Amino acid sequence: MAGPRYIADPEDSVSTVALDGLSVLFHAPSGMTHIVAAPAPEILAMLRAGPADAAELLRRLQAHYDFEGDEAAEAIQARLEELEAAGLVQRA
Amino acid sequence: MSGTDREEVGGEAAGGRTFVPSRRTVLVLGAAAASTVITVRPALAQTAGSVLNCEIPVPGPHAGGNYIAPDGNLVPPGTQGAAPPLARPLRGEEAKQLLRGSTPPGVNPQSSQAYANYIRRLQSGMSGFTCYASLQMPR
C-alpha cells in the first residue's frame, strides 16, 4: 500500500550551509532555521525531482547510496514525518 | 582528505545546485525513533527582520491554481466571488498588514479579506504556517 507522498520546496527557497557532518538550513518561506543531520539533506535533494512516498524515495536514494540496517523504508518514513513537522516537506 | 573515498554528505545541497553524489556512499538513515532535525526557535534565531521577511504563499503549493473564497477556503479556479492566487508569496510584513485589515501594495483590495482569512486558516504542516505563527509571537 502506497504511503503519503511528499514534496519539498524549490531549491532556491532553502539556503544550506554544510558543517562538519551537519547542515544548517534557512527555510525562506517560513523564516525558520534548522540544524539537520544525514539523511535529511539527501532526502530533500531527492524530493526535488518530484513528489514521492517513502518507497519511491528509497528507490531514488538507492540509485546513489548504500544503506546500513534492514529497516530503510521505516527509517525514511520517520525522517519524512520529521521533516514535515519541521515544515521542510509537505504532503503532495 | 584527498585520495580517500570519503564524500561530503549534503554539501552540494548548498548554493543552488542539485545534489548529485558522484560516488556511492553509505548513507546512515538512523533508527526510526532517532531525530535528525533540530529547529532553531524563532526566539533564538530571529531578528525582527527575519520574521517580517518570511513568506506565505497564497495558496500554498499543495493547492496551486485554486482560488480563495472570501472565507479563506480553497475553491476551484474561476469560482465567482473568489480571489485568484497571488502571483508571488506574501512577505511577513505584508501578511501582517492584511491581518490588520489594510491592503499591501500590489494586492487587489477586493481580495484582501479572502487572503487574510486564508492566512488565518493556515495549519501546522501547511506552507507558510510557521511564518504566520512567527508573526503571532510577542517580541
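Criteria and thresholds
- Residues numbered from 1 in each chain as written.
- Chains lettered and ligands numbered in written order.
- Predicted model: local features only at pLDDT ≥ 70, side-chain atom pairs only at ≥ 80, totals over all residues.
- Helix = DSSP H or I, 4+ residues; strand = E, 2+ residues; numbered from the N terminus.
- Contact = placed C-beta atoms within 7 Å.
- Core = buried A, V, L, I, M, F, W, Y, C linked by C-beta atoms within 7 Å.
- Buried ≥ 20, exposed ≤ 12 C-beta atoms within 10 Å, placed from the backbone.
- Axes fitted to C-alpha atoms, helices over the stretch in contact; angles between N-to-C directions.
- Parallel < 35°, antiparallel > 145°, perpendicular 65-115°, else oblique.
- Left-handed = near helix turned anticlockwise from the far one by under 90°.
- Nonpolar A, V, L, I, M, F, W, Y, C, P; charged D, E, K, R; others polar.
- Arc of directions from axis to C-beta.

**Here's the deal with the overall build of chain A**
On a plain count of helices and strands, chain A comes out with three helices and six strands. Secondary structure elements of chain A, listed N to C terminal, follow the sequence β-β-β-β-α-α-β-α-β. Partitioning the contacts of chain A with sequence separation of at least 6, the portion at a separation of at least 24 is 53%.

**Describing the nonpolar core**
Grouped together as the largest cluster of nonpolar side chains are 27 residues, with contacts concentrated most on Ile43, Leu47 and Leu57 of chain A. Once you skip the residues sitting within four places of it in the chain, leucine 57 of chain A turns out to touch Ile43, Met46, Leu47, Ala52 and Ile76 of chain A.

**Here we look at the packing of helix α3 (residues 92–99) of chain B against helix α5 (residues 129–136) of chain B**
All names here are of chain B. Interaxial distance between α3 and α5 falls to 10 Å at its minimum, and their mutual angle equals 65 degrees. On the basis of their axis angle, the class for α3 and α5 is roughly perpendicular. Note on packing geometry: the crossing formed by α3 with α5 is right-handed. Of the residues in α5, those touching α3 at Gly92, Ala95 and Lys96 are Cys131, Tyr132 and Leu135. Of the residues contributing to the contact of α3 with α5, the split by class is four nonpolar, one polar and one charged.

**Topic: helix α2 (residues 54–62) of chain A**
Every α-helix carries 3.6 residues per turn, so stepping three or four residues along brings you back to the same face. Among the residues of α2 of chain A, those classed as buried are Ala54, Leu57 and Leu61 of chain A. Here the buried residues of α2 of chain A occupy an arc of 60 degrees about the axis, which is enough to place them on one side.

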